[in-house]
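Descriptive structure summary
For reference, the chains in residue letters:
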Amino acid sequence: MASQNDTAVSAMEIPIIDLSNPNNEEIALQLWNAAHNVGFFTLINHSIPQHQIDTLFTLSEQFFHLDSEIKHRYPFDVPKNSGYEFMTQKPPSTNLVDLKETFQVTAREGCMDNLWPDVEQPGFREVVMDMIANAHALACRVLSLLESRACPHVERGTLPNAHHIWGEDGQCTLRLLHYPPTVVNADADEATQSNTDNDTNTRWRCGAHTDWGSLTLLFQRVGEDGLECRRRATVDEGVKGTSASWVEVPPVEGGITVNIGDMLKRWSDCKLYSNMHRVRMPKTVEECAKSRYSVAFFLQADKSALIENTTDEAITAGEYFAARINAHFAD
(Lines give C-alpha, C1' and ligand atoms only; values in the text may rest on other atoms or scores of the structure.)
Protein backbone atom coordinates (compact mmCIF):
# COMPACT_ATOMS: atom_id res chain seq x y z
CA MET A 1 0.00 0.00 0.00
CA ALA A 2 1.37 3.41 -0.90
CA SER A 3 2.35 5.69 1.93
CA GLN A 4 0.66 9.03 2.61
CA ASN A 5 3.54 10.94 1.04
CA ASP A 6 3.50 8.76 -2.09
CA THR A 7 -0.14 9.07 -3.10
CA ALA A 8 -1.60 11.78 -5.28
CA VAL A 9 -2.83 14.73 -3.25
CA SER A 10 -5.27 17.52 -3.95
CA ALA A 11 -3.63 20.24 -1.84
CA MET A 12 -2.43 22.05 -4.98
CA GLU A 13 -5.57 22.83 -6.90
CA ILE A 14 -5.53 22.99 -10.68
CA PRO A 15 -6.63 26.55 -11.61
CA ILE A 16 -9.91 26.94 -13.49
CA ILE A 17 -9.97 29.87 -15.91
CA ASP A 18 -13.19 31.22 -17.39
CA LEU A 19 -12.67 32.43 -20.95
CA SER A 20 -16.05 34.17 -21.02
CA ASN A 21 -14.57 36.94 -18.88
CA PRO A 22 -14.75 40.09 -21.07
CA ASN A 23 -11.51 41.41 -19.56
CA ASN A 24 -8.69 39.86 -21.60
CA GLU A 25 -6.04 41.31 -19.31
CA GLU A 26 -7.53 39.50 -16.33
CA ILE A 27 -7.58 36.26 -18.33
CA ALA A 28 -3.97 36.82 -19.43
CA LEU A 29 -2.83 37.30 -15.84
CA GLN A 30 -4.67 34.18 -14.68
CA LEU A 31 -3.11 32.16 -17.52
CA TRP A 32 0.34 33.51 -16.66
CA ASN A 33 0.02 32.62 -12.98
CA ALA A 34 -1.20 29.10 -13.78
CA ALA A 35 1.37 28.47 -16.53
CA HIS A 36 4.25 29.86 -14.45
CA ASN A 37 3.43 28.21 -11.13
CA VAL A 38 1.58 24.97 -11.91
CA GLY A 39 1.95 24.20 -15.61
CA PHE A 40 -1.64 22.90 -15.68
CA PHE A 41 -5.01 24.66 -15.78
CA THR A 42 -8.58 24.03 -16.89
CA LEU A 43 -10.44 26.24 -19.35
CA ILE A 44 -14.20 26.67 -19.11
CA ASN A 45 -16.56 28.56 -21.43
CA HIS A 46 -13.96 28.01 -24.12
CA SER A 47 -16.29 28.12 -27.17
CA ILE A 48 -15.73 24.54 -28.45
CA PRO A 49 -19.26 23.05 -28.59
CA GLN A 50 -19.89 20.18 -26.18
CA HIS A 51 -21.79 18.24 -28.84
CA GLN A 52 -18.66 18.27 -31.02
CA ILE A 53 -16.58 16.91 -28.15
CA ASP A 54 -19.18 14.22 -27.39
CA THR A 55 -19.35 13.17 -31.05
CA LEU A 56 -15.58 12.79 -31.20
CA PHE A 57 -15.56 10.62 -28.07
CA THR A 58 -18.27 8.42 -29.60
CA LEU A 59 -16.26 7.98 -32.80
CA SER A 60 -13.13 7.27 -30.76
CA GLU A 61 -14.89 4.49 -28.84
CA GLN A 62 -16.20 3.03 -32.07
CA PHE A 63 -12.74 3.03 -33.64
CA PHE A 64 -11.05 1.33 -30.70
CA HIS A 65 -13.80 -1.31 -30.62
CA LEU A 66 -12.92 -2.38 -34.17
CA ASP A 67 -11.14 -5.70 -34.59
CA SER A 68 -7.40 -5.49 -34.08
CA GLU A 69 -6.75 -6.54 -37.67
CA ILE A 70 -8.82 -3.64 -38.97
CA LYS A 71 -7.12 -1.06 -36.73
CA HIS A 72 -3.71 -2.29 -37.86
CA ARG A 73 -4.64 -1.46 -41.47
CA TYR A 74 -3.78 2.10 -40.40
CA PRO A 75 -0.39 1.50 -38.73
CA PHE A 76 1.59 4.20 -37.00
CA ASP A 77 4.10 5.85 -39.34
CA VAL A 78 6.95 7.36 -37.31
CA PRO A 79 8.13 9.94 -39.91
CA LYS A 80 4.53 11.12 -40.34
CA ASN A 81 3.76 10.83 -36.61
CA SER A 82 0.35 9.48 -37.64
CA GLY A 83 -1.69 6.31 -37.45
CA TYR A 84 -2.68 3.57 -35.01
CA GLU A 85 -0.40 2.08 -32.39
CA PHE A 86 -1.00 -0.47 -29.65
CA MET A 87 1.20 -0.34 -26.57
CA THR A 88 4.41 0.82 -28.26
CA GLN A 89 5.04 4.14 -26.50
CA LYS A 90 7.81 3.76 -23.93
CA PRO A 91 8.56 6.81 -21.75
CA PRO A 92 12.12 6.93 -20.39
CA SER A 93 10.77 7.30 -16.83
CA THR A 94 9.55 3.69 -16.80
CA ASN A 95 11.30 1.93 -19.70
CA LEU A 96 8.05 0.00 -20.02
CA VAL A 97 5.39 0.42 -22.69
CA ASP A 98 2.32 2.42 -21.73
CA LEU A 99 -0.88 0.40 -21.28
CA LYS A 100 -2.83 2.22 -23.96
CA GLU A 101 -3.66 2.32 -27.65
CA THR A 102 -3.84 5.49 -29.71
CA PHE A 103 -4.82 6.86 -33.09
CA GLN A 104 -2.82 9.91 -34.06
CA VAL A 105 -3.56 12.55 -36.69
CA THR A 106 -0.77 14.98 -37.60
CA ALA A 107 -2.21 18.01 -39.37
CA ARG A 108 0.45 18.24 -42.09
CA GLU A 109 0.03 17.85 -45.83
CA GLY A 110 0.27 14.17 -46.79
CA CYS A 111 0.59 12.79 -43.26
CA MET A 112 -2.82 11.12 -43.28
CA ASP A 113 -2.69 9.65 -46.78
CA ASN A 114 -4.15 6.11 -46.59
CA LEU A 115 -4.54 6.40 -42.80
CA TRP A 116 -8.14 7.63 -42.47
CA PRO A 117 -10.60 4.81 -41.56
CA ASP A 118 -13.12 6.13 -44.07
CA VAL A 119 -14.52 2.71 -44.98
CA GLU A 120 -15.19 1.61 -41.41
CA GLN A 121 -16.22 5.02 -40.08
CA PRO A 122 -17.76 7.41 -42.60
CA GLY A 123 -17.62 10.93 -41.25
CA PHE A 124 -14.69 10.24 -38.93
CA ARG A 125 -12.32 12.37 -40.99
CA GLU A 126 -14.62 15.40 -41.04
CA VAL A 127 -15.28 15.36 -37.28
CA VAL A 128 -11.58 15.04 -36.48
CA MET A 129 -10.61 17.83 -38.87
CA ASP A 130 -13.28 20.14 -37.42
CA MET A 131 -11.98 19.47 -33.90
CA ILE A 132 -8.40 20.14 -34.99
CA ALA A 133 -9.47 23.50 -36.42
CA ASN A 134 -11.33 24.53 -33.25
CA ALA A 135 -8.66 23.26 -30.86
CA HIS A 136 -5.95 25.00 -32.89
CA ALA A 137 -7.81 28.31 -32.74
CA LEU A 138 -8.32 28.01 -28.98
CA ALA A 139 -4.70 27.04 -28.31
CA CYS A 140 -3.42 29.95 -30.40
CA ARG A 141 -5.62 32.32 -28.41
CA VAL A 142 -4.00 31.04 -25.21
CA LEU A 143 -0.54 31.55 -26.74
CA SER A 144 -1.43 35.11 -27.69
CA LEU A 145 -2.55 35.88 -24.15
CA LEU A 146 0.62 34.40 -22.64
CA GLU A 147 3.11 35.83 -25.14
CA SER A 148 3.88 39.27 -23.73
CA ARG A 149 4.74 37.97 -20.25
CA ALA A 150 6.27 34.64 -21.25
CA CYS A 151 8.30 35.73 -24.28
CA PRO A 152 8.99 39.48 -24.16
CA HIS A 153 12.06 38.92 -26.38
CA VAL A 154 9.94 38.06 -29.46
CA GLU A 155 7.73 40.27 -31.60
CA ARG A 156 4.04 40.10 -30.76
CA GLY A 157 2.32 37.46 -32.83
CA THR A 158 5.44 35.29 -33.19
CA LEU A 159 4.08 32.39 -31.13
CA PRO A 160 0.62 31.93 -32.68
CA ASN A 161 2.03 32.55 -36.17
CA ALA A 162 4.56 29.73 -35.70
CA HIS A 163 1.84 27.06 -35.42
CA HIS A 164 -0.13 26.12 -38.55
CA ILE A 165 -2.31 23.19 -39.57
CA TRP A 166 -2.47 21.23 -42.84
CA GLY A 167 0.47 22.97 -44.51
CA GLU A 168 3.65 21.22 -45.64
CA ASP A 169 5.46 22.32 -42.48
CA GLY A 170 2.86 21.68 -39.77
CA GLN A 171 3.38 19.50 -36.70
CA CYS A 172 0.16 20.01 -34.71
CA THR A 173 -1.37 16.69 -33.76
CA LEU A 174 -4.63 15.28 -32.43
CA ARG A 175 -4.47 11.96 -30.57
CA LEU A 176 -7.33 9.68 -29.59
CA LEU A 177 -6.43 7.58 -26.54
CA HIS A 178 -7.90 4.41 -25.07
CA TYR A 179 -6.72 2.87 -21.81
CA PRO A 180 -8.28 -0.64 -21.74
CA PRO A 181 -9.69 -2.25 -18.61
CA THR A 182 -7.09 -3.95 -16.44
CA VAL A 183 -7.05 -7.37 -14.82
CA VAL A 184 -8.18 -7.33 -11.20
CA ASN A 185 -6.57 -9.56 -8.60
CA ALA A 186 -9.39 -11.86 -7.50
CA ASP A 187 -8.02 -11.92 -3.95
CA ALA A 188 -7.99 -8.16 -3.57
CA ASP A 189 -10.86 -5.78 -2.97
CA GLU A 190 -8.78 -2.91 -4.29
CA ALA A 191 -6.16 -2.69 -7.01
CA THR A 192 -3.35 -0.59 -5.61
CA GLN A 193 -0.42 1.07 -7.28
CA SER A 194 2.67 2.53 -5.62
CA ASN A 195 3.00 6.23 -6.47
CA THR A 196 6.64 6.65 -5.54
CA ASP A 197 8.94 9.14 -7.20
CA ASN A 198 10.82 6.26 -8.87
CA ASP A 199 8.57 4.96 -11.66
CA THR A 200 11.10 2.51 -13.14
CA ASN A 201 9.77 -1.05 -13.41
CA THR A 202 6.33 0.07 -12.20
CA ARG A 203 3.36 -0.30 -14.55
CA TRP A 204 1.34 2.76 -15.49
CA ARG A 205 -1.43 3.40 -17.94
CA CYS A 206 0.85 6.21 -19.10
CA GLY A 207 4.29 6.68 -17.57
CA ALA A 208 5.49 10.01 -16.21
CA HIS A 209 6.58 12.43 -18.93
CA THR A 210 6.46 16.01 -20.07
CA ASP A 211 4.89 16.98 -23.40
CA TRP A 212 7.19 18.07 -26.20
CA GLY A 213 5.23 20.85 -27.84
CA SER A 214 3.95 24.28 -26.89
CA LEU A 215 0.54 23.55 -25.39
CA THR A 216 -1.59 20.45 -24.91
CA LEU A 217 -5.38 20.61 -24.80
CA LEU A 218 -6.74 17.47 -23.14
CA PHE A 219 -10.40 16.50 -23.30
CA GLN A 220 -11.37 14.23 -20.39
CA ARG A 221 -14.69 12.76 -19.31
CA VAL A 222 -16.06 13.03 -15.80
CA GLY A 223 -15.90 9.63 -14.12
CA GLU A 224 -12.76 8.57 -16.00
CA ASP A 225 -10.04 9.73 -13.62
CA GLY A 226 -6.35 8.91 -13.47
CA LEU A 227 -4.40 11.92 -14.73
CA GLU A 228 -1.88 13.26 -12.22
CA CYS A 229 0.79 15.98 -12.34
CA ARG A 230 3.73 16.74 -10.08
CA ARG A 231 3.33 19.08 -7.19
CA ARG A 232 6.22 21.53 -7.42
CA ALA A 233 8.82 21.19 -4.68
CA THR A 234 8.42 24.86 -3.78
CA VAL A 235 4.82 24.16 -2.80
CA ASP A 236 6.02 21.51 -0.35
CA GLU A 237 8.74 23.61 1.23
CA GLY A 238 8.16 24.18 4.92
CA VAL A 239 5.65 21.34 5.21
CA LYS A 240 7.18 18.86 7.61
CA GLY A 241 7.43 15.30 6.39
CA THR A 242 6.40 15.91 2.80
CA SER A 243 8.23 15.06 -0.40
CA ALA A 244 7.55 15.97 -3.99
CA SER A 245 4.17 14.38 -4.63
CA TRP A 246 1.52 13.90 -7.27
CA VAL A 247 -1.65 15.93 -7.71
CA GLU A 248 -4.88 14.73 -9.25
CA VAL A 249 -5.95 16.58 -12.41
CA PRO A 250 -9.67 15.77 -12.37
CA PRO A 251 -11.99 16.13 -15.33
CA VAL A 252 -14.26 19.18 -15.07
CA GLU A 253 -17.69 19.12 -16.67
CA GLY A 254 -17.45 21.24 -19.81
CA GLY A 255 -13.77 21.98 -19.20
CA ILE A 256 -10.57 21.40 -21.15
CA THR A 257 -7.36 20.58 -19.31
CA VAL A 258 -4.33 22.48 -20.62
CA ASN A 259 -0.65 21.98 -19.87
CA ILE A 260 2.55 23.70 -20.91
CA GLY A 261 4.99 21.74 -23.08
CA ASP A 262 8.79 21.66 -23.25
CA MET A 263 8.91 23.72 -26.43
CA LEU A 264 7.09 26.67 -24.88
CA LYS A 265 9.16 26.31 -21.72
CA ARG A 266 12.30 26.72 -23.83
CA TRP A 267 10.81 29.61 -25.82
CA SER A 268 9.97 31.40 -22.54
CA ASP A 269 13.45 31.08 -21.02
CA CYS A 270 11.92 28.57 -18.57
CA LYS A 271 9.46 31.14 -17.21
CA LEU A 272 6.63 28.75 -18.04
CA TYR A 273 6.53 25.38 -16.29
CA SER A 274 6.34 22.14 -18.28
CA ASN A 275 5.06 19.83 -15.58
CA MET A 276 5.65 16.08 -15.38
CA HIS A 277 2.41 14.09 -15.57
CA ARG A 278 1.18 10.50 -15.83
CA VAL A 279 -1.96 8.36 -15.87
CA ARG A 280 -2.05 6.09 -12.85
CA MET A 281 -3.35 2.55 -12.75
CA PRO A 282 -6.94 2.11 -11.51
CA LYS A 283 -7.36 1.97 -7.75
CA THR A 284 -10.63 0.10 -7.30
CA VAL A 285 -12.22 -3.01 -8.76
CA GLU A 286 -14.90 -0.83 -10.35
CA GLU A 287 -12.31 1.44 -11.93
CA CYS A 288 -10.31 -1.52 -13.24
CA ALA A 289 -13.35 -2.86 -15.04
CA LYS A 290 -13.84 0.13 -17.34
CA SER A 291 -11.90 1.88 -20.06
CA ARG A 292 -10.54 5.39 -19.89
CA TYR A 293 -10.83 7.53 -23.03
CA SER A 294 -9.33 10.93 -23.69
CA VAL A 295 -8.50 13.19 -26.64
CA ALA A 296 -5.36 15.32 -26.76
CA PHE A 297 -4.54 18.16 -29.13
CA PHE A 298 -0.85 19.03 -29.23
CA LEU A 299 -0.06 22.55 -30.43
CA GLN A 300 3.40 22.11 -31.92
CA ALA A 301 5.40 24.66 -33.89
CA ASP A 302 6.01 24.30 -37.62
CA LYS A 303 9.15 22.40 -38.65
CA SER A 304 10.90 25.54 -39.86
CA ALA A 305 9.92 27.66 -36.84
CA LEU A 306 12.95 28.87 -34.94
CA ILE A 307 12.73 28.47 -31.17
CA GLU A 308 14.76 31.33 -29.74
CA ASN A 309 15.33 32.52 -26.21
CA THR A 310 17.97 34.65 -24.51
CA THR A 311 20.17 31.83 -23.20
CA ASP A 312 20.14 28.78 -25.50
CA GLU A 313 21.25 28.21 -29.06
CA ALA A 314 18.33 28.56 -31.48
CA ILE A 315 16.88 25.31 -32.83
CA THR A 316 14.16 24.57 -35.35
CA ALA A 317 11.03 22.81 -34.15
CA GLY A 318 11.58 20.10 -36.77
CA GLU A 319 15.02 19.20 -35.41
CA TYR A 320 13.69 19.21 -31.90
CA PHE A 321 10.77 16.91 -32.65
CA ALA A 322 12.67 14.34 -34.69
CA ALA A 323 14.85 13.47 -31.72
CA ARG A 324 11.92 13.30 -29.29
CA ILE A 325 9.76 11.03 -31.47
CA ASN A 326 12.54 8.53 -32.11
CA ALA A 327 13.29 8.27 -28.41
CA HIS A 328 9.68 7.69 -27.38
CA PHE A 329 8.67 4.57 -29.27
CA ALA A 330 9.71 1.00 -28.45
CA ASP A 331 12.04 -0.87 -30.80
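Just above sits the structure.
Quick look at the structure, then. Everything numeric in this text was worked out from a predicted model, so none of it was measured.

Definitions and cut-offs
Here the residue numbering is sequential within each chain, running from 1 through the sequence in written order. Per-residue local features are limited, in this predicted model, to residues with pLDDT of at least 70; the limit for side-chain atom pairs, both in listing and counting, is 80 or more; totals at the level of whole chains, interfaces and linings are taken over all residues. For the side-chain quantities, the full set of heavy atoms in the structure was used; hydrogens and water were omitted. What makes two strands pair is DSSP finding at least two bridges between them. Runs of E in the DSSP output that reach at least two residues are strands. Runs of H or I that reach at least four are helices, and both are numbered from the N terminus. To obtain an axis, a line is fitted to C-alpha atoms, over the contacting stretch when the element is a helix, and the angle between two such axes runs from 0 to 180 degrees between their N-to-C directions. When checking whether two residues touch, look at their non-hydrogen atoms; a contact exists if any pair is within 4.5 Å. Salt bridge criterion: a side-chain nitrogen from Lys or Arg within 4 Å of a carboxyl oxygen from Asp or Glu. Burial status follows relative accessibility: with a 1.4 Å probe on protein chains alone, a residue under 20% of its type maximum counts as buried, one over 50% as exposed, and anything between as partly exposed. Between 65 and 115 degrees an angle is taken as roughly perpendicular, under 35 as roughly parallel, over 145 as roughly antiparallel, and anywhere else as oblique. Crossing handedness is defined as follows: a turn of the near helix away from the far one that is anticlockwise and smaller than a right angle gives a left-handed crossing, while the clockwise case is right-handed. Charged means Asp, Glu, Lys or Arg here, nonpolar means Ala, Val, Leu, Ile, Met, Phe, Trp, Tyr, Cys or Pro, and polar covers whatever is left, Gly included.

What follows covers the sheet that holds strand S1 (residues 16–18). Strand order across the open sheet formed by 8 strands is S1-S2-S10-S7-S12-S5-S4-S3, with mixed pairing between neighbours. Edge positions in the open sheet fall to S1 and strand S3 (83–86), since each of these has one partner strand only. The mean angle between the axes of side-by-side strands here comes to 25 degrees, regardless of whether they run parallel or antiparallel. Bridging between S1 and strand S2 (residues 40–44) involves 3 bridges; their strand directions are parallel. Each bridged residue has a counterpart across the sheet, and for Asp-18 the counterpart in S2 is Ile-44. Those strands touched by helix H4 (residues 124–150) are S2, strand S4 (101–106), strand S5 (173–179), strand S7 (215–220), strand S10 (256–260) and strand S12 (292–299), and its axis lies near 55 degrees from that of S12.

Enumeration according to the criterion identifies 11 salt bridges in this entry. In this structure, Glu-69 engages Arg-73 in a salt bridge whose closest nitrogen and oxygen atoms are separated by 3.1 Å. Since its relative accessible area comes to 45%, Arg-73 is described here as partly exposed. Here Glu-287 makes a salt bridge to Arg-280, at a shortest N to O gap of 3.1 Å. What makes Glu-287 buried here is its relative accessible area of 14%.

Our next topic: the packing of helix H2 (residues 50–64) against H4. At their nearest, the axes of H2 and H4 sit 10 Å apart, and the two run at 135 degrees to each other. In this view, H2 runs oblique relative to H4, as classed from their interaxial angle. Note that H2 runs across H4; the crossing there is left-handed. Contact residues: Gln-52, Ile-53, Thr-55, Leu-56, Leu-59 and Phe-63 in H2; Phe-124, Val-127, Val-128, Asp-130, Met-131 and Asn-134 in H4. Grouping the constituent residues of the contact of H2 with H4 by class yields 8 nonpolar, 3 polar and 1 charged.

Now for the sheet that holds strand S6 (residues 206–209). Remark on secondary structure: sheet strands pair via backbone hydrogen bonds, oriented parallel or antiparallel. The strand order S6-S11-S8-S9 describes an open sheet built from 4 strands, whose pairing is antiparallel. Each edge of the sheet is formed by a strand with only one pairing partner; in this case those strands are S6 and strand S9 (246–248). Put simply, the sheet's adjacent strands are angled 25 degrees from each other on average, direction ignored. For strand S8 (residues 227–230) and S9, the ladder comprises 3 bridges, and the chain directions are antiparallel. Along S9, the bridge assignment pairs Arg-230 with Trp-246.

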